[in-house]
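Coordinates in review
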Amino acid sequence: MPSSGNSKSGTMFRENFDKYLYRRQYFLGPRPVELPGNWKTVQIAKDYILSFQEDLSVTSVSSQNKSIHLLGYIIDSKNPFFDDEHILISIIDKSKTPDEVFENLVDKCGQFVVILIMGDTFRIFSDACGLRPVFYHRDNDNRIWCASQPHLIANNLGLKINEYTRRQFQQLPLFQGEEYWYPGTLTLFDNIYHLLPNHYLDIISGKAHRYWPRKVLTSISMSECLPIVSEILSNIIEGASYRFNLAFAISCGLDSRTLFSTSRKVADKIKYFSFSSDNTDKLSPDADIPAKMLRDLRLEHHVISPLTDIDRELLQVFKKTIFTARQKKVMQALSFYNYFKEENKEFLVISGDFSDITKRSRMRFPKTPKILINGSTLAAMARMPSADLAKKEFSKWLVSTKKLTKFNIDILDLMHWEQRMANWGAKTLWEHEIIHESLCPFTCRSYIEFMLRVPLKFRTNPDYKLHRAIIAYNWPEALNYDINPSGNKIKTASENFLYKTNLYDPIQFLNILFIKRFKSKDLI
């Protein structure tokens, strides 16, 4: 169980500052980006030039009047041996219309943006969860500008921060720390918007359109779901192992344990690691439990001590690159770099993030009758109860979203997916990709669809039966070790009682609306 003793960033990769500034960022517009560093440019359409920092992988495939450009990497859960180019060729060959491209991406996973040109169609969109984001602006000449971060557009076009928006949100307790997020398509800048998951931007018209869902998610049983989602997750990890050096961030949580169970086929090719909570000799449960489990399973495990300080100049490199960069997440990424730097190679880090899209926490999103879901209740659930802009954004989002219940979609599942995880959860990956790219198998659209087809009672508190069944199906020995051990057994027992008596949801709904709005803790 090796452990790192590094506690300060010091002058770490100071000689490579230029390499890490704007690393893996992109910019699409009528002219190239004007930024320091090593950028490449490609003319992808008559009036549009794609600029990208050299470490961002860009793959392009053309056929007749069709061209598709991939920014980032992609993995095919049905063809794990395929590389980016083979996957794009398959998609473009199978797609007779622009909308068929979405259908042919369902089984794919990765951290990517797609630019699609087909006949008169010109679209841009992200992976299923916006792990590589699209921010956009339409100027006074109706030209569209897109980028991986909003300030890249603002700085190049001279756009300013909207002070009204800043004041609206800075008053909230949520915004007193680092774990804040902006609702809907809002950014802090005038007329720069965030493209949400399940939407594409029509670059010709400058309008965003929803493309998912397109069919009813008919209910299936746990037994029907298990082998399908297990194969999806397993194939994604196996496919990544053929192309990347893999590391796996593992904790004592249910999400990472579920994903770990599906890594069994290639476990010997993965460097499993955990972060210790501090620099003391005693390990936290998030490091101690995986250490015991992996030792018993004869797998290598690394414990990484967190940095306790960071060079201010180095922090500014991250803040110049990622507009909302948080010091804690930056130090986490640098801790990983410090530990593995002697190996002198790039890693793709597997993460159990985004499991919550289908593993519903009713603490944050209790079961709520549709008639009670409005902009104000969503703003309260998002911990933004007094922000009029938040209420407006959520109300606008609900206009079209409420109609989606005909597809057997739960509005609060979609709220967590498109709003909270796309605007808050994905930020960690944006910050980390300056050091390493990430793989989140739980973001594969086919996985999400199959999981959402299982009734909520099997994928929510208190037992999360479906997720434990996935572990038992793939690597049953992994259930022999504690998962999220509770420090307050009385609180856990009382919550479990409320779950089983159907009292939890109405109580928690009232708690969110009338009590939590006055508290500053537990706000993320």
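Heads up: these notes are all about the structure in this document. Owing to the predicted nature of the structure, the values given are computational and were not obtained by experimental measurement.

One pass over the structure, following the stated rule, counts three cavities of 30 Å³ or more. Here the largest cavity is characterised by a volume of approximately 170 Å³. Around the largest cavity, the lining comprises 16 residues; the ones closest to its centre are Phe 135, Pro 150, Tyr 182, Thr 324 and Trp 430. A breakdown of the residues in the lining of the largest cavity according to their chemical character gives ten nonpolar, five polar and one charged. Reported here for the second largest cavity is a volume of approximately 120 Å³.

Glancing now at unusual backbone geometry. Note on backbone geometry: most residues besides glycine have negative phi, and most peptide bonds are trans. For the bond from Trp 212 to Pro 213, the omega torsion is 5°, close enough to zero to count as cis. Note on placement: Pro 213 falls in the loop between strand 12 (207-210) and helix 6 (222-243). Residue Pro 462 follows Asn 461 across a cis peptide bond; omega there is 0°. For Pro 462, the position within the fold is in the loop between helix 15 (445-452) and helix 16 (465-474). Phi is positive for Phe 354, which is not a glycine, with a value near 80°. For Phe 354, the position within the fold is in the loop between strand 16 (348-350) and helix 11 (375-381). Residue classification places Phe 354 among the buried positions, given a relative accessible area of 2%.

In the case of a regular strand, side chains alternate between the two sheet surfaces. Side-chain alternation along strand 9 (residues 144-147) places Ile 144 and Cys 146 on one buried face and Trp 145 and Ala 147 on a second face that is also buried. Taken together, the two bridges between strand 1 (residues 26-29) and strand 9 define a ladder with antiparallel strand orientation. When the sheet's bridge partners are listed, Leu 28 is paired in strand 9 with Cys 146. Bridge count between strand 8 (residues 135-138) and strand 9: four bridges; the pairing is antiparallel. Residue pairing across strands places Phe 135 opposite Ala 147, the latter belonging to strand 9.

One way to see where empty space is left: roll a probe the size of a water molecule over the atoms. Computed from the structure, the second largest pocket encloses a volume of approximately 410 Å³. If you trace the second largest pocket, you find 19 residues lining it, with Tyr 136, Thr 185, His 199, Ala 208 and Lys 396 closest to the centre. For the lining of the second largest pocket, the secondary-structure elements that each account for two or more residues are strand 8, strand 10 (193-194), strand 12 and helix 12 (388-401). Among the elements that take part in the lining of the second largest pocket, helix 12 stands out by supplying four residues, more than any other. Looking at the lining of the second largest pocket residue by residue, the class counts come to six nonpolar, nine polar and four charged.

About the cut-offs
- Residues numbered from 1 in each chain as written.
- Predicted model: local features only at pLDDT ≥ 70, side-chain atom pairs only at ≥ 80, totals over all residues.
- Heavy atoms only, no water.
- 1 Å grid on protein atoms, 1.4 Å probe; cavity = no way out; pocket = protein on both sides within 12 Å on 5 of 7 lines; lining within 4 Å.
- Points joined across faces, edges and corners; volume = space filled by probe spheres on them.
- Nonpolar A, V, L, I, M, F, W, Y, C, P; charged D, E, K, R; others polar.
- Helix = DSSP H or I, 4+ residues; strand = E, 2+ residues; numbered from the N terminus.
- Buried < 20%, exposed > 50% of the residue type's maximum accessible area, 1.4 Å probe, protein only.
- Pairing = 2+ DSSP bridges.

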